[in-house]
Amino acid sequence: MTTIKPSQSADIATPDWVKQAVFYQIYPDRFARREAPAPLGVKFKPWGTPAEQQGFQGGDLYGVIDKLDYLQQLGITAIYLCPIFSSASNHRYHTFDFMQVDPLLGGNQGLRELLDEAHRRDMKVVLDGVFNHASRGFWPFHHILECGGDSPYIDWFKIQDWPLNPYPSNADEPTNYAAWWDLPALPQFNHSNPGVRQYIYDVAKFWLEFGIDGWRLDVPYEIDDDEFWRGFRDVVKTANPDAYICGEVWEKAQRWLQGDMFDATMNYTFCWASLSYFGAHTLNGYQRNHLTLEPLDSKGFQQVINQMHGWYDWQINFAQLNLLGSHDMARPLWILSEDKAALQLCWLFMMTMPGAPCIYYGDEIGMSSADDPYCREAYPWHAPEQQDNNMAAQLTTLIQLRKQYPTLATGDFCFQQSDDNVLRYQRSSQHQTLQVAINRSNTAQPLQIDDANIVYGELNDGYLPAQSGVVLLLNKR
């Protein structure tokens, strides 16, 4: 076997806390709401209303605060919040005020209390930054709608012709301005305008000084301007050198991961490769752009993972946001045709690999649903019978394993001799060496071990049980 020694450039630095972190992604409207009367005059849909009905179910930041103890018991050390700024959509990717937390979520005071309570528990909080586009209600765009060509903000957006038509009656009507994916609700910023650039930088700085711990950047590849992103990094790292910058880039992202723009990306390559290997026999045929969900054999899987690691410096690999699900895809358990054992193997792999693991809210209790909007359903606090607590307990065990052995986060990595049923790899550091073996098949497989102690899993008479894994701590010689 060939050990992959983490190569590190002196020019590339990523936050140390991220490398040891375990993230939990929250969709605020659907995670939890505080048991209190709704704001005066406000009416929410009942909690648990089918997600396809859209609307607002009233999840808020105070609900997140109330569940911090639950997250801490699970082993979570960092929260990634989908957008929380004022918006007229439940997902809040249609921002109309970047300087105000949505009052329906608790406003700026709600975020203040969440940050204080999270930090008291040594938990970080990362916000979603939607800086490619705004909404029809964003004040400079509304100014243009009211004033037309007389608006001083005319160059903040890409106006193509007049009159502007923000509410077309059909898809053939021109809107006369550039919009993300041609959606009239999402006018695109003109990032070459210095006022726009400064405004976005001011937003980033304001919330970092408010106390957040980093930014997840929505569709940053749409802003095709490296100097803009270099300037963004300078602002962020000046405000907080330990702040995390994670871009939503679904594929190879070398352009942004050279140490001068982002610290990491959402690692969808890790996502589709893991589901395709450990769930090779139960994939349900789900397809999505940029997710290659097709059965992988052991050789193909190792090639994908080695290639993925080879794209970046190891300072980047250690900080990548490794995930198995998100608000933009079907839930992993649904993709795996409800094969909980296969999902748990994916968790084992994620918790013993370089990169910060990220759990999408509810995946830990077996929530299962198709693509957006179904994957944005309410967490079933109201229905305990829908919560698989055994799965949550298994995930907690794996998270604790990762914390107990830091080598699993930042040690050297290499695949070992594997067959198509049992995947083997090694993590090593100056102080310890661990080996992992995962049997993805439906039958027990022989596994020979040398001088080592089992720290996770079990062997039965020299056999690794079906759909199970074992982690070995090698004894020093």
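Structure report, in brief. Owing to the predicted nature of the structure, the values given are computational and were not obtained by experimental measurement.

### Quick notes on the overall build of the chain
Point 1. When its secondary structure is counted, the chain shows 15 helices and 17 strands.
Point 2. Rg of the C-alpha trace for the chain: 23 Å, near the compact-globule value of 23 Å for 477 residues, within the 12% margin.
Point 3. C-alpha extents for the chain along the principal axes are approximately 80 × 50 × 45 Å.
Point 4. Excluding contacts between residues fewer than 6 apart, the proportion of contacts in the chain whose partners are at least 24 apart in sequence is 68%.
Point 5. Split by element, the accessible area of the chain, about 19000 Å² in all, is 47% carbon and sulfur.
Point 6. Across the chain, the centroid of the 35 positively charged side chains sits 4 Å from that of the 57 negatively charged ones.

### Concerning the pattern of salt bridges
Point 1. Applying the stated criterion across every chain yields a total of 24 salt bridges.
Point 2. Between Arg230 and Glu227 there is a salt bridge, with the nearest N and O atoms lying 2.6 Å from each other. Linking Arg230 with Glu227, this pair stays in helix 8 (residues 226-239), spanning three residues, or about one helical turn.
Point 3. By relative accessible area, Arg230 is classed as partly exposed at 28%.
Point 4. One salt bridge connects Asp328 with Arg376, and the closest N-O pair in it is separated by 3.4 Å. Placement of Asp328 in the loop between strand 9 (321-323) and helix 12 (332-335) and of Arg376 in the loop between strand 10 (356-360) and helix 14 (389-404) is noted, with a sequence separation of 48 residues between them.

### Quick notes on the nonpolar core
Point 1. If you look at the biggest cluster of nonpolar residues, it comprises 147 residues, and the most contacted ones within it are Phe23, Tyr24, Leu111, Trp215, Phe232, Tyr244 and Phe349.
Point 2. In this structure, Leu447, Leu464, Val470 and Leu472 belong to the second largest nonpolar core, which totals seven residues.

### Considerations on unusual backbone geometry
Point 1. That bond from Trp162 to Pro163 is cis: its omega, -10°, falls within 30 degrees of zero.
Point 2. With respect to the element layout, Pro163 can be found in the loop between helix 6 (139-147) and helix 7 (194-210).
Point 3. With an omega of 10°, the peptide bond running from Asp372 to Pro373 counts as cis.
Point 4. Among the structural elements, Pro373 can be located in the loop between strand 10 and helix 14.
Point 5. Positive phi, close to 60°, is recorded for Asp122, a residue that is not glycine.
Point 6. Counting through the fold element by element, Asp122 comes out in the loop between helix 5 (107-120) and strand 5 (124-129).
Point 7. Owing to a relative accessible area of 66%, Asp122 belongs among the exposed residues under this scheme.

### Focus: the sheet that holds strand 12 (residues 422-428)
Sheet strands line up and pair through hydrogen bonds in the backbone, either parallel or antiparallel.
Point 1. The antiparallel open sheet is built from five strands, whose spatial order is 11-12-13-17-15. Of all the strands in the sheet, just strand 11 (412-415) and strand 15 (452-456) have a single pairing partner and so form its edges. Averaged over all neighbouring strand pairs, the angle between strand axes comes to 25°, with direction disregarded.
Point 2. Sheet contacts for helix 10 (residues 298-310): strand 11 and strand 12; angle to strand 11, the most-contacted strand, approximately 155°.

Cut-offs and rules
Residues numbered from 1 in each chain as written. Predicted model: local features only at pLDDT ≥ 70, side-chain atom pairs only at ≥ 80, totals over all residues. Heavy atoms only, no water. Helix = DSSP H or I, 4+ residues; strand = E, 2+ residues; numbered from the N terminus. Rg over C-alpha atoms; globule rule 2.2 N^0.38 Å. Contact = heavy atoms within 4.5 Å. Areas by Shrake-Rupley, 256 points an atom, 1.4 Å probe, with all protein chains shown as cover. Lys, Arg positive; Asp, Glu negative; His and termini not counted. Charge placed at Lys NZ, Arg CZ, Asp CG, Glu CD. Salt bridge = Lys/Arg side-chain N within 4 Å of Asp/Glu carboxyl O. Buried < 20%, exposed > 50% of the residue type's maximum accessible area, 1.4 Å probe, protein only. Core = buried A, V, L, I, M, F, W, Y, C linked by side-chain atoms within 4.5 Å. Pairing = 2+ DSSP bridges. Axes fitted to C-alpha atoms, helices over the stretch in contact; angles between N-to-C directions.

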